[in-house]
Amino acid sequence: MADITTLLLLSAAVFAGAFVSGLSGFAFSAVAGAILLRVFQPLEAVPLMMACSIGVQATNLWALRRSIRWEGSLFLIIGGLIGVPIAVSLLQSTDTHLLRRGFGVVVALYAAYMLLRPTLVTASEAVGRHWVALIGFGGGLVGGLTAMPGAIPTIWCDMRGMPKSEQRGLVQPFIAAMQLFAIILLVGHQDLSSKVFVDLAVSLPALFAGSALGVIAFHRVNETVFRKTVLVLLLISGISLI
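Keep in mind that what you see is a predicted model, and the values were worked out from it rather than measured. (Residues numbered from 1 in each chain as written. Predicted model: local features only at pLDDT ≥ 70, side-chain atom pairs only at ≥ 80, totals over all residues. Heavy atoms only, no water.)

**Student:** Could you clarify how one ought to interpret the nonpolar core in this entry?
**Tutor:** As a rule of thumb, soluble globular proteins bury nonpolar side chains together. Core analysis: the largest hydrophobic core is formed by 36 residues, its most contacted members being F26, F103, W156 and L234. Elements with a minimum of two residues in this core: helix 1 (2–24), helix 4 (70–93), helix 5 (97–116), helix 6 (129–146), helix 7 (151–159), helix 8 (164–189), helix 9 (194–220) and helix 10 (223–241). Other than its neighbours up to four places away in sequence, F26 contacts V20, S21, T154, I175, V230, L233 and L234. Counting residues in hydrophobic clusters, the runner-up holds 16 residues, among them A13, C52, V56 and L207. (Core = buried A, V, L, I, M, F, W, Y, C linked by side-chain atoms within 4.5 Å. Buried < 20%, exposed > 50% of the residue type's maximum accessible area, 1.4 Å probe, protein only. Helix = DSSP H or I, 4+ residues; strand = E, 2+ residues; numbered from the N terminus. Contact = heavy atoms within 4.5 Å.)

As structure tokens, then:
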């Protein structure tokens, strides 16, 4: 009975995380982790969430392939690849709890303020590639410390008032690249339990079903609902870090 319960919880967590990520483009770990970290040990739950999240991102990239902005994403990714190793070094040499909480406060306050803001100003001026790379660097650095690589690019896109398709097309490849890079670093530092692969295989139906339904929901919601969904998820993610 315990095994059946664990299987159901695993499937429910992965489905919920995949649906939210398919809809918003991020927050798989924030949603699925609320259950998985209570069911599995962190050494099993974390790589499982990372692997599932990469699966969700791959599904999202395929479903949104016509909207992907590869050039802009490339500069985000370049900056992020520089930021992640720095974050890994900080994790090994300093106490990052204060940094995580501070970032959580900033994200939560931003999301709360923007949810209450009556209007959104759209920025029309072009942004230099070096600034895009800097946003990517911040996303990679923060992502390495908090497992939220998409937070800073998503906030940046929201501040610029980007339409949902443009935002997803820019940020989605960045998140996928950062998560793939992170799991490569993880595998390089520790051996994964065979149970992780078994749990991943078991969760695949829930993962793809949740991703597909999330992408369908993304196409059907309007810009206002999408933006509010993203801000609510940012608010929840920020609070979780506090």
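Now that the structure has been shown, we can carry on.
**Student:** Teacher, can you tell me more about helix 10 here?
**Tutor:** Think of an α-helix as turning once every 3.6 residues; residues three or four places apart then point the same way. Over its 19 residues, helix 10 runs 27 Å from end to end, which matches the ideal 27 Å to within 8%, given 1.5 Å per residue. For helix 10, the complete set of buried residues consists of F226, R227, V230, L231, L233, L234, S237, G238 and L241. All buried residues of helix 10 lie within an arc of 160° about the axis, which places them on one face of the element. Exposed side of helix 10, more than 90 degrees from the buried face: I239 and S240 are the residues found there. The N-cap residue of helix 10 is N222: its side-chain oxygen and the backbone nitrogen of T224 are 3.2 Å apart. (Expected span 1.5 Å × (residues − 1). Arc of directions from axis to C-beta. Polar contact = N/O pair within 3.5 Å; in protein donor to acceptor, adjacent residues only side chain to side chain.)

**Student:** What is the right way to read the packing of helix 6 against helix 7 from this model?
**Tutor:** A pair of packed helices is characterised by two quantities: the angle between their axes and the separation of those axes. Between helix 6 and helix 7, the least distance of the axes is 7 Å, while the angle of their chain directions is 140°. The pairing of helix 6 with helix 7 is recorded here as oblique in orientation. Across the interface between the two elements, V132, I135, G138, G139 and V142 of helix 6 pack against I152, P153 and W156 of helix 7. For the contact of helix 6 with helix 7, the residue count by class is six nonpolar, two polar and no charged. (Axes fitted to C-alpha atoms, helices over the stretch in contact; angles between N-to-C directions. Parallel < 35°, antiparallel > 145°, perpendicular 65-115°, else oblique. Nonpolar A, V, L, I, M, F, W, Y, C, P; charged D, E, K, R; others polar.)

**Student:** Where do I start with the environment of H219 in this structure?
**Tutor:** Counting through the fold element by element, H219 comes out in helix 9. Expressed as a C-alpha distance, the spacing of H219 and L23, which sit 196 residues apart in the sequence, is 8.4 Å. The contact partners of H219, leaving out residues within four places of it in the chain, are L64 and K164.

**Student:** Help me understand unusual backbone geometry in this model?
**Tutor:** Trans is the common state for peptide bonds, and a negative phi is the common state for residues other than glycine. The residue A27 is not glycine, and still its phi comes out positive at about 80°. Within the secondary structure layout, A27 lies in the loop between helix 1 and helix 2 (28–39). Its relative accessible area of 13% is what places A27 among the buried residues.

**Student:** Would you mind showing me how to read the packing of aromatic side chains here?
**Tutor:** For any pair of aromatic rings, geometry is given as the distance between the ring centres together with the angle between the planes. According to the stated counting rule, one finds one aromatic pair in the structure shown. Aromatic pair F218 and F226: ring centres 5.4 Å apart, planes at 75°, arrangement edge-to-face. Accessibility assignment for this pair places F218 and F226 in one class, buried. (Phe/Tyr/Trp six-rings, centres within 6.5 Å; stacked < 30°, edge-to-face > 60°.)

**Student:** Please clarify how the side chain of S73 should be interpreted in this entry.
**Tutor:** Mapped onto the elements, S73 comes out in helix 4. Accessibility expressed as a relative area gives 0% for S73, which makes it buried.

**Student:** So what exactly am I meant to see when it comes to the environment of G161 here?
**Tutor:** Tracing the backbone shows G161 in the loop between helix 7 and helix 8. Separated by 76 residues in sequence, G161 and P85 have C-alpha atoms that sit 30 Å apart.

**Student:** What am I meant to see in helix 9 here?
**Tutor:** Taking 1.5 Å of rise per residue, the 27 residues of helix 9 would be expected to cover 39 Å, and the 39 Å separating its terminal C-alpha atoms lies within 8% of that figure. A maximum bend of about 45° is found in helix 9 at S203, where proline P205 lies one to four positions downstream. Within the span of helix 9, buried status applies to V196, D199, S203, A206, L207, G210, S211, G214, V215, A217 and F218. (Bend = angle between axes of the 7 residues up to and from the residue.)

**Student:** Help me out: how do you make sense of a nonpolar patch on the surface in this one?
**Tutor:** Judged by side-chain polarity, L74, I78, I82 and I86 come together as a nonpolar surface patch covering roughly 340 Å² of accessible area. Since its relative accessible area comes to 37%, I86 is described here as partly exposed. (Patch = residues over 30% accessible without salt bridge, like charges linked within 9 Å, V, L, I, M, F, W, Y side chains within 5 Å. Areas by Shrake-Rupley, 256 points an atom, 1.4 Å probe, with all protein chains shown as cover. Salt bridge = Lys/Arg side-chain N within 4 Å of Asp/Glu carboxyl O.)

**Student:** Would you explain the packing of helix 5 against helix 7 in this entry?
**Tutor:** Following both chains from N to C, one finds helix 5 and helix 7 inclined at 25°, their axes separated by 12 Å at the closest point. In this view, helix 5 runs roughly parallel relative to helix 7, as classed from their interaxial angle. Considering how the two elements wind past one another, helix 5 and helix 7 form a crossing that is left-handed. Where helix 5 approaches helix 7, its residues F103, V107, Y110 and M114 are matched on the opposing element by A151, I152, I155, D158 and M159. The residue makeup of the contact of helix 5 with helix 7, split by class, is eight nonpolar, no polar and one charged. (Left-handed = near helix turned anticlockwise from the far one by under 90°.)

None of the figures reported here should be taken as evidence of function without further support.
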